[in-house]
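Overview (structure and organization)
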Amino acid sequence: MHHRYDVLVVGAGGAGLMAALYAAKGNVSVACISKLYPTRSHTGAAQGGIGAALGNVQEDHWEWHMFDTVKGGDYLTDQDAAEVFAKDIIDAVYELEHMGLPFSRTPDGKIAQRKFGGHTRDFGKAAVERSCYAKDRTGHMILQTLYQQNVKAGTTFYNEFHVTDLLIEDGRCRGVVAYELSTGELHTFHAKAVILAAGGYGRVFKITSNALTLTGDLMSIYYRKGLPLEDMEFYQFHPTGLAKLGILVTEGIRGEGGILRNDSGERFMERYAPTIKDLAPRDIVSRSIITEIREGRGVGRDKDAVNIDLTHLPREVIEGKLAEITDLARTYLGMDPVKDLVPIQPTAHYAMGGIPTDLNGLCLSDGNGGTVEGLYAAGEQACVSLHGANRLGTNSLGDLVVFGRRAGIYAAQYARQVEFPDMPENPERESVDLFDRLRNSSGKDNAAAIRKELQESMMNNVGIFRNGKDMEKQVGIVQELKARYANVGVSDPSRRYNSELIEAMELGFMLDCAEAMTASALNRTESRGAHDREDFTTRDDENWLKHTMAYKDLNREGQVQIGYKPVSLKGFTRAFEPKPRVY
Amino acid sequence: MTQTHAPTSAAPVSASVPMMQLKVKVLRFDPEKDKKAHWTTYDVEAQPGDRVLDVINHIKWYLEPSLTFRRSCMHGICGSDAMLINGRNRLACKTLVRDVAKNGGTITVEPIRGLKVEKDLLVDMEPFFDSYKAIMPYFINESPAPAAERIQSEEEAERMAHSSNCILCACCTTSCPIFWVNGSYLGPAAIVQAHRFIFDTRDEATQQRLGIMNQNTGVWRCRTAYNCTEACPRDIPITQLIEEVKRAVMYGQA
């Protein structure tokens, strides 16, 4: 079936929904494709808040937020992106409130704000209350509110449509091909502009806060075209996932006063980040936890977790402002944060890297200013390089509203100026081939078994602490798994809702993301932000103050070519010199 | 038909936890080959703290790849995996094996009721979302917005705490006997969404929303069976919220 829209949005989480709203305001026809129902998108799992220098509780300024973002990103953050972000997010939060978002409130009726990791006043002097929140379900409320506004605006949704190919020819995007889950039919969407906002790929790791659906589909499709993925080595582990399960426990838990303790009850963060302790940024807290565990001070049956202690907080705070995670701890661990210490361990959480874009969301085709005409990206899928080497807590929700909005505005503006591009001949060919290969394989290898090996090996070899030897091994493991993947059989021949076929396809996307990530990480011989190497322990600004651009070598299977892109070291009005990063 | 064995547990819990032997009875239906639904039983091993979703995933990944259901977040926030487990509507990712079965016991799994079954545990959600859309599920305030936020007291914000907690999983609506016999009833989930806006002090469309609730598809169909409240995986006091909406309709104000 053939469809035609001026602007097509892929993904219906926060970034996609914001982009769709703004594209529609630009007087163009808009449709949004999601492999889920929009309200199932993973934005809903974000808990703690959205940071903006509103100054509702304490004095705050966008410059402080910009500085925290740049320093938090270990100076790999593009400072122009950080300046745009820190200014725009203030308006964006008010706009969400005007859309009806039920924020928690201060006693005088303003949007409530609380502390979060890496949020400081006076350029690092002390913690500041910057995170605007709706209890501990801020992401859920953003997702619901943005979906509601799209219902109001009459946005056309294609729910449970899985994008299988991006139509790019001669450097110009022309649309996408998608598979309709309920019928097994392929659909061609012809568009003047396409916005990619399909989220991250945390499912390449064994312990992750990410939904089962976060398999890096569009990143992989982009990469398969020979286009680059930026900064894939920077992958954030959230310090506090529920032990063994990886279910997210918001940083708000520490913002409200929760304390991390090792097996002897010691508040160990005092040793690692004396100024802001438990409120240090995520990479630092994650490494501190793993160090405690490695040195034998972990808790639990396998001594592979540490505790978070809320027992000194009033019950109203725990059951009110932290109701969601209280419920999670009670449901999954049978523990009550009001009286029990809750075991947590770092969990794979957020991709700082992804499809490279400029400040307007336009996708980059190389590190020298080349672009893909008509193609935009936003949200976790994209790398506008706001987060650099480590994302500050609350900046993901901020990223998706600020840059989702910009992508929507600029995509619509572009679509108003151009005619529909010609479609490639036989646009569905690649997608048909992809499914034929999976359906006709006579192999007996099991997709679930390959996926499990991928997740375990990525966790072990490209996790929080890394070294050249393990990552070289992982390059080999990923290639071996790809070879086995070529023989994965799909036994279910049905057309309708063939989820076996979809899961097998997703595994192929995950393997690509893992390949780009491992190669990028092996190549970067320094430690910066979330990329921490045991064999290159210091940050090396002289050689590595640059972004990685990983390209799939289309002529040699399994080879990755690495290029670079300069870091923007200046904002429009402010610039922060790289300095050692201490808290 | 019985298919056998499961070599490993689904959830990543310590090996030293004792395993449970379970029979999982799944109501299966594939319209491409079945005239009607039929039960299939799978023998699996699980740890007591495994989620029912872990067990169903295990069956799909290692025993029966064609088994079809929705799932995504795995921790009760996306609302994809509502199903009937041992006769009750629940989220499979928020239900632990030890809470629904003993060692050697059986867990039954069926699709939620009142919506057309498309395949196995997966149902047609469109009528559910049509009801949602019918209540104008969006904030309306056409007055010029201030430069900053609209002021709202903590108490006023708290008025929406329960209703805004809804994840649209459909557990409530598909457990409601009135919804089963009368598909035109908007159902508990849609009323909860209406409550969300009716009791928002910033919203200006209260009378229109109360009008929708006063129609014969609205709140008066509710017979206070409490099934919805029991089924809600997020402990929303749904029956109470419906009563509050009824009272608002009756007295013409929120």
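Residues numbered from 1 in each chain as written. Chains lettered and ligands numbered in written order. Predicted model: local features only at pLDDT ≥ 70, side-chain atom pairs only at ≥ 80, totals over all residues. Heavy atoms only, no water.

Let us look at the overall build of chain A. Of the regular secondary structure elements, chain A holds 16 helices and 22 strands. Taken against the 2.2 N^0.38 rule, which gives 25 Å for 583 residues, the C-alpha radius of gyration of chain A at 22 Å falls within 12% of a compact globule. Referenced to the eigenvectors of the C-alpha coordinate spread, the extents of chain A come out at roughly 65 × 50 × 50 Å. Burial status across chain A gives 70% buried among its 583 residues. Summed over its atoms, the accessible surface of chain A is roughly 18,100 Å², and 46% of this surface lies on carbon and sulfur atoms. Within chain A, the 79 negative side-chain charges are centred at a point lying 3 Å from the centre of the 68 positive side-chain charges. (Helix = DSSP H or I, 4+ residues; strand = E, 2+ residues; numbered from the N terminus. Rg over C-alpha atoms; globule rule 2.2 N^0.38 Å. Buried < 20%, exposed > 50% of the residue type's maximum accessible area, 1.4 Å probe, protein only. Areas by Shrake-Rupley, 256 points an atom, 1.4 Å probe, with all protein chains shown as cover. Lys, Arg positive; Asp, Glu negative; His and termini not counted. Charge placed at Lys NZ, Arg CZ, Asp CG, Glu CD.)

Side chains of Trp220, Met250 and Tyr251 of chain B sit close together on the surface and give an oily, nonpolar patch of about 370 Å² of accessible area. Tracing the chain through its elements places Met250 of chain B in helix 9 (residues 238–251). (Patch = residues over 30% accessible without salt bridge, like charges linked within 9 Å, V, L, I, M, F, W, Y side chains within 5 Å. Salt bridge = Lys/Arg side-chain N within 4 Å of Asp/Glu carboxyl O.)

In this section: the interface of chain A and chain B. Counting residues at the interface gives 65 residues for chain A and 69 residues for chain B. A combined buried area of about 5,800 Å² lies between chain A and chain B, and 50% of that area is made up of carbon and sulfur atoms. Across the chain A-chain B interface, the total number found is 8 salt bridges. Between Glu118 of chain B and Arg496 of chain A there is a salt bridge, and its shortest N-O distance comes to 2.6 Å. At the boundary of chain A and chain B, one finds 38 residue pairs in polar contact (both at pLDDT 80 or more). Every element with two or more residues in the side of chain A that touches chain B is listed here: helix 3 (79–98), helix 4 (138–153), helix 10 (323–333), helix 13 (447–461) and helix 15 (499–523) of chain A. Of the residues forming the side of chain A that touches chain B, the biggest block, 8 residues, is contributed by helix 4 of chain A. Looking at side-chain class alone, the side of chain A that touches chain B contains 22 nonpolar, 20 polar and 23 charged residues. (Contact = heavy atoms within 4.5 Å. Buried area = accessible area lost by both parts, 1.4 Å probe. Polar contact = N/O pair within 3.5 Å; in protein donor to acceptor, adjacent residues only side chain to side chain. Nonpolar A, V, L, I, M, F, W, Y, C, P; charged D, E, K, R; others polar.)

All right, on to the sheet that holds strand 13 (residues 306–309) of chain A then. Residue and element names in this part refer to chain A. Read from one edge to the other, the open sheet built from 4 strands follows the order 11-14-13-12, with strand pairing classed as antiparallel. The open sheet has two edge strands, strand 11 (235–242) and strand 12 (259–261), and neither has a second partner. Mean inter-strand twist for the sheet, computed between neighbouring axes without regard to direction, equals 45°. Pairing analysis gives 6 bridges linking strand 11 to strand 14 (residues 342–351), with the strands arranged antiparallel. Counted as the bridge partner of Gln236 is Tyr350 from strand 14. (Pairing = 2+ DSSP bridges. Axes fitted to C-alpha atoms, helices over the stretch in contact; angles between N-to-C directions.)

Attention shifts here to the pairing of strand 7 (residues 161–169) of chain A. Residue and element names in this part refer to chain A. Burial within strand 7 is extensive, with 7 of its 9 residues counted as buried. As paired elements, strand 7 and strand 8 (residues 172–180) share 8 bridges and run antiparallel to each other. Looking at strand 8, one finds that Leu166 is bridged to Val176. Between strand 7 and strand 8, which pair antiparallel one after the other, the connecting turn spans 2 residues, and Asp170 there sits at a positive phi close to 50°.

Looking at soluble globular proteins, one finds that nonpolar side chains tend to be buried together. Ranked by internal contacts, the top residues of the largest apolar core, which has 150 residues, are Val7, Ile50, Ile89 and Val401 of chain A together with Met213 of chain B. Those residues in contact with Val401 of chain A that sit more than four places away from it in its chain are Met18, Ile50, Ile89, Ala92, Leu96 and Leu146 of chain A. Judged by nonpolar contacts, the second largest core, of 75 residues, contains Phe189, Ala191, Tyr235 and Phe435 of chain A. (Core = buried A, V, L, I, M, F, W, Y, C linked by side-chain atoms within 4.5 Å.)

Time to look at the pattern of salt bridges. Under the defined criterion, the tally for this structure stands at 69 salt bridges over all chains. Residue Glu324 of chain A is joined to Arg234 of chain B by a salt bridge in which the shortest nitrogen-to-oxygen separation is 2.7 Å. Of this pair, Glu324 of chain A sits in helix 10 while Arg234 of chain B is found in the loop between helix 8 (227–231) and helix 9, placing the two residues in two different chains. Residue Arg556 of chain A pairs with Asp553 of chain A through a salt bridge whose shortest N-O separation is 3.0 Å.

Inspection of every chain in the model, using the stated rule, returns 19 aromatic pairs over all chains. Judged by centre distance (6.1 Å) and plane angle (10°), the rings of Tyr147 of chain A and Tyr132 of chain B are stacked. In this pair, Tyr147 of chain A is assigned in helix 4 and Tyr132 of chain B in helix 3 (residues 126–134), connecting two distinct chains. Assessed through its relative accessible area of 3%, Tyr147 of chain A is described here as buried. Note on Tyr132 of chain B: relative accessible area 1%, which makes it buried. Relative to Phe161 of chain A, the ring of Tyr158 of chain A has its centre 5.3 Å away and its plane inclined at 70°; by these criteria the two rings are edge-to-face. Here Tyr158 of chain A and Phe161 of chain A have matching classes, each one buried. Ring-pair connections join several aromatic residues into one group, and the members of that group are Tyr37, Tyr147 and Phe157 of chain A together with Phe128, Phe129 and Tyr132 of chain B. Note that Arg114 of chain A overlies the ring of Tyr133 of chain A, its terminal NZ or CZ placed 3.9 Å from the centroid. Above the ring of Phe197 of chain B, the side-chain terminus of Arg196 of chain B is found at 4.3 Å from the ring centroid. (Phe/Tyr/Trp six-rings, centres within 6.5 Å; stacked < 30°, edge-to-face > 60°. Lys NZ or Arg CZ within 6 Å of the ring centre and 35° of its normal.)

The next thing to look at is the side chain of Arg90 of chain B. Residue and element names in this part refer to chain B. Along the chain, Arg90 falls in strand 5 (residues 88–91). A distance of 3.3 Å separates the side chain of Arg90 from the backbone oxygen of Ile85, its partner in a polar contact. Beyond its immediate stretch of four places on either side in the chain, Arg90 contacts Asp81, Ala82, Met83, Ile85, Thr95, Val100 and Cys171.

Don't take any of this as a statement about function, it's just geometry.
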